[in-house]
2 protein chains.
Amino acid sequence: MRPDLTPAALRRAIRSGEFTGNTSGLAPGYVQCNLTILPAEWAGDFLRFCQANPRPCPLLAVSATAGDTALPLLGDIDIRSDVPSYRVFHDGVCSDEVTDITGLWREDLVTFALGCSFSFEEALLADGLEVRNVSEGVNVPMYRTDIDCAAAGPFHGKMVVSMRPFKARDAIRAVQICTRFPQVHGAPIHLGDPALIGIESLARPDYGDAVTVAKDELPVFWACGVTPQVALEAARPPFAITHSPGHMLVSDLRNSQLAIL
Amino acid sequence: MRPDLTPAALRRAIRSGEFTGNTSGLAPGYVQCNLTILPAEWAGDFLRFCQANPRPCPLLAVSATAGDTALPLLGDIDIRSDVPSYRVFHDGVCSDEVTDITGLWREDLVTFALGCSFSFEEALLADGLEVRNVSEGVNVPMYRTDIDCAAAGPFHGKMVVSMRPFKARDAIRAVQICTRFPQVHGAPIHLGDPALIGIESLARPDYGDAVTVAKDELPVFWACGVTPQVALEAARPPFAITHSPGHMLVSDLRNSQLAIL
């Protein structure tokens, strides 16, 4: 896929089934979103979970009414077809991976779009920082921590974090840069000793791939969008849909529009 | 001295000789300044040194002309009498400590007032963070690093840093808070392993007092106002005057006025 397609052109290619791949690096400069779709009966609790845990679950948009397939805040979107790959869950267990959910759509479904780390990684790269998972060409390493999320109804669980190593001066700069973007996870939640947040080994991430951490670097940890997936698995709603990892909803919002200053 | 005196009332007590003590904790909410006074012949290079090294040498005010004893930007000040204690230097060596420099004043002297860590410590405390040197009632520990300052004429030397330990989440918060205050040293310049900036032992500071660092804390390092004193000693001007450590020039500026956002 040409990396310079506009978000609208990229979504057209996705909608037609022409593109079903990972969206990392595509439509640079534009916000990509994590996706959770739930029956209305479960949506209120999930909304409260996001509001109570804004660092891992920064809510960018919610469908206006149950059954509504549009997200006008994010662009001209049909949520049933505009994501390259979806995961279908029954009772909190992923049962299928599909490229279109038109056939699965129900009038009681509510859509949540959450901010994603691609946006702040772009801001870090634009400042000249090296983002290790990008330079090593792998998925960012992610870890389950011992940090409890605030529960909301059946939604609960530990926070998942992503990790990027930096020299101290770049870690300080990363705090400054990411503080400007609270809607895409914001400032790091931890840096330094992984054991202090319950991570046993940086070499064995729970999701994604391990990256090199040099002796003169600190691991820096951000709240991660996998957290709501873990809460979803814990809540075990009878039916739910999410994006497949790395296969995001590409929006018309510019990353720079999310900067609070 | 009553801690709630206004800056003007405190300066009157200092000017009259009634108060000659440490200004830490006095006139809370107001900016206190490091002071360097030099012959005009040396002032241009020192000004360039400050401009090239804004983190350790954040310049708040300079006298309008040589011989001028006022600093109207900072209040109704007579720089010859409004600091509780001064150090007098000849050829870069401190030869005397006095409470008034009226008898030493010369028409070629230029005054520099630099920001001081008291301002950002107040902002950290106001956010609920524990500042260890404050809670332990000692002077902040300061260390010579292996970081070279940018030289300007005869002024050169290594950067001196102050250190305050924090848990990682508070260290991240401290970066956010201090970033708002570039004129009082701004964001930390390092955190974590002291050896990476040439510090051999946190237990043996080069200036000030050691503080407790818990196992779950990171040492956080800020550029320090002792740096220009070290550069002054290296440059060896025939004559110079500074404040005595902890005996600062108290200004009418509010700390909050220095926040860039």
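The structure displayed is predicted, hence computed values, not measured ones.

Looking at the relation of the copies chain B and chain A
The two copies are related by a screw operation: chain B maps onto chain A through 180° of rotation and 0.0 Å of translation along the axis, at an RMSD of 0.0 Å. Here the symmetry operator amounts to a two-fold rotation axis. Within chain B, the C-alpha atom positioned nearest to the axis of rotation is that of Q176(B), 3.2 Å from it. Looking at the interface residues of chain B, 100% of them are also at the interface in chain A, so both copies use one shared face.

What to know about the nonpolar core
Membership of the largest hydrophobic core comes to 86 residues, with the highest contact counts inside it found for L124(A) and L124(B). If near-sequence neighbours (up to four positions away) are discounted, L124(B) is found in contact with L129(B), V131(B), F166(B), A174(B), I177(B), C178(B) and W222(B). Counting residues in each nonpolar core, the second largest holds 29 residues, with Y143(B), F155(B), M163(B) and V211(B) among its members.

Regarding the side chain of N255(A)
Residue and element names in this part refer to chain A. One can find N255 in the segment after strand 11 (249-254). In this structure N255 comes out as buried when scored by relative accessible area, which is 6%. Apart from the residues lying within four places of it in its own chain, the contact partners of N255 are G29, Y30, V31, S119, E122 and F181.

Things to note about helix 3 (residues 117-126) of chain A
Since there are 3.6 residues in each turn of an α-helix, residues three or four apart along the chain are aligned in direction. Those residues of helix 3 of chain A not exposed but buried are S117(A), S119(A), F120(A), E121(A), A123(A) and L124(A). Phi turns positive one or two residues past the end of helix 3 of chain A, at G128(A), with a value near 90°.

With respect to the state of the cysteines
Residues and elements named next belong to chain A. Following the criterion strictly, the structure yields 0 disulfides over all chains and no others. Free cysteine: C57, not disulfide-bonded; nearest cysteine sulfur from C50 at 4.7 Å. A residue is classified by how much of its surface remains accessible, and C57, at 1% relative accessible area, is buried. C57 supplies the cysteine sulfur nearest to C149, a cysteine that is in no disulfide, at a spacing of 6.2 Å. What makes C149 buried here is its relative accessible area of 9%.

Points about the environment of Q257(B)
Residues and elements named next belong to chain B. Within the secondary structure layout, Q257 lies in the segment after strand 11 (249-254). With 227 residues separating them in the primary sequence, Q257 and Y30 have C-alpha atoms 9.2 Å apart. Separated by 2.8 Å, the side chain of Q257 and the backbone nitrogen of R254 make a polar contact.

What to know about helix 1 (residues 7-15) of chain B
All names here are of chain B. Of all the residues in helix 1, the buried ones are P7, A9, L10, R11, A13 and I14. At its buried positions, helix 1 is contacted by strand 1 (30-39) and strand 11. G17, located one to two residues past helix 1, shows a positive phi value of around 90°.

Section: the sheet that holds strand 6 (residues 142-148) of chain A
Strand pairing in a sheet takes place through backbone hydrogen bonds and is either antiparallel or parallel in direction. Residue and element names in this part refer to chain A. With antiparallel pairing, 4 strands are arranged side by side in an open sheet as 6-7-9-8. Since the sheet does not close on itself, it has two edges, and those belong to strand 6 and strand 8 (190-191), each with one partner. Note that strand 6 and strand 7 (residues 158-166) share 4 bridges and pair antiparallel. When the bridges of strand 7 are listed, M142 appears paired with S162. Those strands touched by helix 6 (residues 227-235) are strand 6 and strand 7, and its axis lies near 155° from that of strand 7.

Topic: the sheet that holds strand 6 (residues 142-148) of chain B
Residues and elements named next belong to chain B. The 4 strands are arranged 6-7-9-8 in an open sheet whose pairing can be described as antiparallel. Of all strands in the sheet, those bounded by a partner on one side alone are strand 6 and strand 8 (190-191). In the packing of helix 3 (residues 117-126) onto the sheet, the strands contacted are strand 7 (158-166) and strand 9 (218-223), and the crossing angle to strand 7 comes to about 20°.

Points about the packing of helix 3 of chain A against helix 5 (residues 168-179) of chain A
Residue and element names in this part refer to chain A. In the contact formed by helix 3 and helix 5, the axes pass within 10 Å of each other and the chain directions differ by 125°. When the interaxial angle is binned, helix 3 and helix 5 end up oblique. For the element pair helix 3 and helix 5, the recorded crossing hand is right-handed. Of the residues in helix 5, those touching helix 3 at F120, A123 and L124 are A174, I177 and C178.

A closer look at the packing of aromatic side chains
Pairs of aromatic rings are described using the distance from one ring centre to the other and the angle between the two planes. Residues and elements named next belong to chain A. Applying the stated rule across the entire model yields 14 aromatic pairs over all chains. Pairing W42 with F155 gives two aromatic rings, centres 6.2 Å apart and planes at 85°, and the pair type is edge-to-face. You can see W42 sitting in helix 2 (residues 40-52) and its partner F155 sitting in the loop between strand 6 and strand 7, a full 113 residues away along the chain. Overall, the relative accessible area of 18% leaves W42 in the buried class. Accessibility expressed as a relative area gives 0% for F155, which makes it buried. A ring pair is formed by F49 and F155, whose centres lie 6.4 Å apart and whose planes are at 45°; its orientation type is tilted. You can see F49 sitting in helix 2 and its partner F155 sitting in the loop between strand 6 and strand 7, a full 106 residues away along the chain. By the burial criterion, F49 is buried, and F155 matches it.

Considerations on the domain arrangement of chain A
When the parts of a complex come together, some accessible area is lost, and that lost area is often used as the size of the interface. All names here are of chain A. Each assigned domain of chain A is listed here: domain 1 (7-115 + 236-258) and domain 2 (118-227). Relative to domain 2, the C-alpha centre of domain 1 lies at a distance of 22 Å. Between domain 1 and domain 2, the residue contacts involve 24 residues of the former and 24 residues of the latter. When domain 1 packs against domain 2, close to 2,000 Å² is buried across both sides, 62% of that on carbon and sulfur atoms. Run the count over domain 1 and domain 2 and you get 0 salt bridges. Those elements that place two or more of their residues in the side of domain 1 that touches domain 2 are strand 1 (30-39), helix 2 and strand 2 (59-62). Top element by residues in the side of domain 1 that touches domain 2 is helix 2. It accounts for 6 residues. Looking at side-chain class alone, the side of domain 1 that touches domain 2 contains 13 nonpolar, 8 polar and 3 charged residues.

Reading guide: rules and limits
Residues numbered from 1 in each chain as written. Chains lettered and ligands numbered in written order. Predicted model: local features only at pLDDT ≥ 70, side-chain atom pairs only at ≥ 80, totals over all residues. Heavy atoms only, no water. Least-squares fit on C-alpha atoms with pLDDT ≥ 70 in both. Contact = heavy atoms within 4.5 Å. Core = buried A, V, L, I, M, F, W, Y, C linked by side-chain atoms within 4.5 Å. Buried < 20%, exposed > 50% of the residue type's maximum accessible area, 1.4 Å probe, protein only. Helix = DSSP H or I, 4+ residues; strand = E, 2+ residues; numbered from the N terminus. Disulfide = S-S within 2.5 Å. Polar contact = N/O pair within 3.5 Å; in protein donor to acceptor, adjacent residues only side chain to side chain. Pairing = 2+ DSSP bridges. Axes fitted to C-alpha atoms, helices over the stretch in contact; angles between N-to-C directions. Parallel < 35°, antiparallel > 145°, perpendicular 65-115°, else oblique. Left-handed = near helix turned anticlockwise from the far one by under 90°. Phe/Tyr/Trp six-rings, centres within 6.5 Å; stacked < 30°, edge-to-face > 60°. Domains from an automatic or database assignment. Buried area = accessible area lost by both parts, 1.4 Å probe. Salt bridge = Lys/Arg side-chain N within 4 Å of Asp/Glu carboxyl O. Nonpolar A, V, L, I, M, F, W, Y, C, P; charged D, E, K, R; others polar.

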